[in-house]
Amino acid sequence: MSDSINQANNTHTFLEYLQQTENSHIEFFVEGIGWLIILKENIEIVSDNWFASTKYLASSVELIDEVVGVIKFSNVYTLNTTFTENKNNTKYNLMFDEINIFANKIVAFF
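Residues numbered from 1 in each chain as written. Predicted model: local features only at pLDDT ≥ 70, side-chain atom pairs only at ≥ 80, totals over all residues. Heavy atoms only, no water.

A. Representation of the overall build of the protein chain in the model. The number of helices and strands found in the protein chain is one helix and eight strands. Reading the protein chain from its N end, one meets helices and strands in the order α-β-β-β-β-β-β-β-β. Residues classed as buried in the protein chain amount to 31% of the 110 residues present. A fraction of 49% describes how many contacts in the protein chain between residues 6 or more apart in sequence connect residues 24 or more apart. Here the protein chain has roughly 7200 Å² of accessible surface; of this, 50% comes from carbon and sulfur atoms. (Helix = DSSP H or I, 4+ residues; strand = E, 2+ residues; numbered from the N terminus. Buried < 20%, exposed > 50% of the residue type's maximum accessible area, 1.4 Å probe, protein only. Contact = heavy atoms within 4.5 Å. Areas by Shrake-Rupley, 256 points an atom, 1.4 Å probe, with all protein chains shown as cover.)

B. Inspection of the pattern of salt bridges at higher detail. Enumeration over the complete set of coordinates arrives at two salt bridges. Its salt-bridge partner being Lys105, residue Glu31 comes within 3.5 Å of it at the nearest N-O pair. On the criterion of sequence distance, the pair formed by Glu31 in the loop between strand 1 (25-30) and strand 2 (34-39) and Lys105 in the loop between strand 7 (92-102) and strand 8 (106-109) is long-range, its members being 74 residues apart. For Lys105, a relative accessible area of 34% corresponds to the partly exposed category. Here Glu98 ties to Lys72 by a salt bridge, and the two come within 3.7 Å at their closest N and O atoms. (Salt bridge = Lys/Arg side-chain N within 4 Å of Asp/Glu carboxyl O.)

C. Focus on the packing of aromatic side chains. Scanning all chains against the criterion turns up ten aromatic pairs. Through a chain of ring-to-ring contacts, the aromatic side chains of Phe14, Tyr17, Phe28, Phe73 and Phe109 assemble into a single cluster. (Phe/Tyr/Trp six-rings, centres within 6.5 Å; stacked < 30°, edge-to-face > 60°.)

D. How the structure looks around the confidence of the model for the protein chain. Here the protein chain averages 86 in pLDDT, and 85% of its residues register 70 or above. Mean pLDDT across the elements of the protein chain bottoms out in helix 1 (residues 2-20) (78) and peaks in strand 2 (97). (pLDDT = per-residue confidence, 0-100.)

E. Representation of the environment of Gly34 within the structure. Looking at the element boundaries, Gly34 is found in strand 2. Classification of Gly34 as buried rests on a relative accessible area of 13%. Note: C-alpha distance between Gly34 and Ile106 (72 residues apart in sequence) is 9.5 Å. When sequence neighbours within four positions are dropped, the list of residues in contact with Gly34 reads Phe28 and Phe29.

F. A look at the nonpolar core. The biggest cluster of nonpolar side chains holds 15 residues, and the ones touching the most others in it are Phe14, Phe28, Ile38, Phe73, Ile101 and Ile106. If you list the elements that add at least two residues to this core, you get helix 1, strand 1, strand 2, strand 6 (70-79) and strand 7. Contact partners of Ile38, with chain neighbours within four places excluded, come to Phe14, Leu18, Ser24, His25, Ile26, Phe28, Ser59, Val61, Phe73 and Val76. Core analysis: the next-biggest nonpolar cluster, separate from the first, contains five residues, Leu39, Tyr56, Tyr77 and Tyr92 among them. (Core = buried A, V, L, I, M, F, W, Y, C linked by side-chain atoms within 4.5 Å.)

Here it is, written out as C-alpha cells:
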C-alpha cells in the first residue's frame, strides 16, 4: 500500500513540476536508462544555410489510468553528446517515440 502511495506522490510531484516550470525543456534521469529530455513546445533550428532546418516535436506526457505510478511519454530526446553551439549541429537525438516509465524510476529532474 505505501509503495502505491509513494508512486502516486512521485508521479504528482513530477507532473506538477512539468506544469509549473517556465523552462522550454525538462531533463530527467531515469534509473537504468539515463538522462532524457522532454520538450514543452515544438522547436525549429534554422542552420546557416537557410534551406536547411532541424525540427523537434514537442513531447507529450500523460498518466496511464489503469496502472498507478506509470507515466506515458512521447517524443523523448537525449542531448547530443557532441553538440556545440553551432546552428549546423543537431542539439537533440530522438530516443523514444513513445515509452511508459514508472514514476519511482525517475530519480532527478530539472
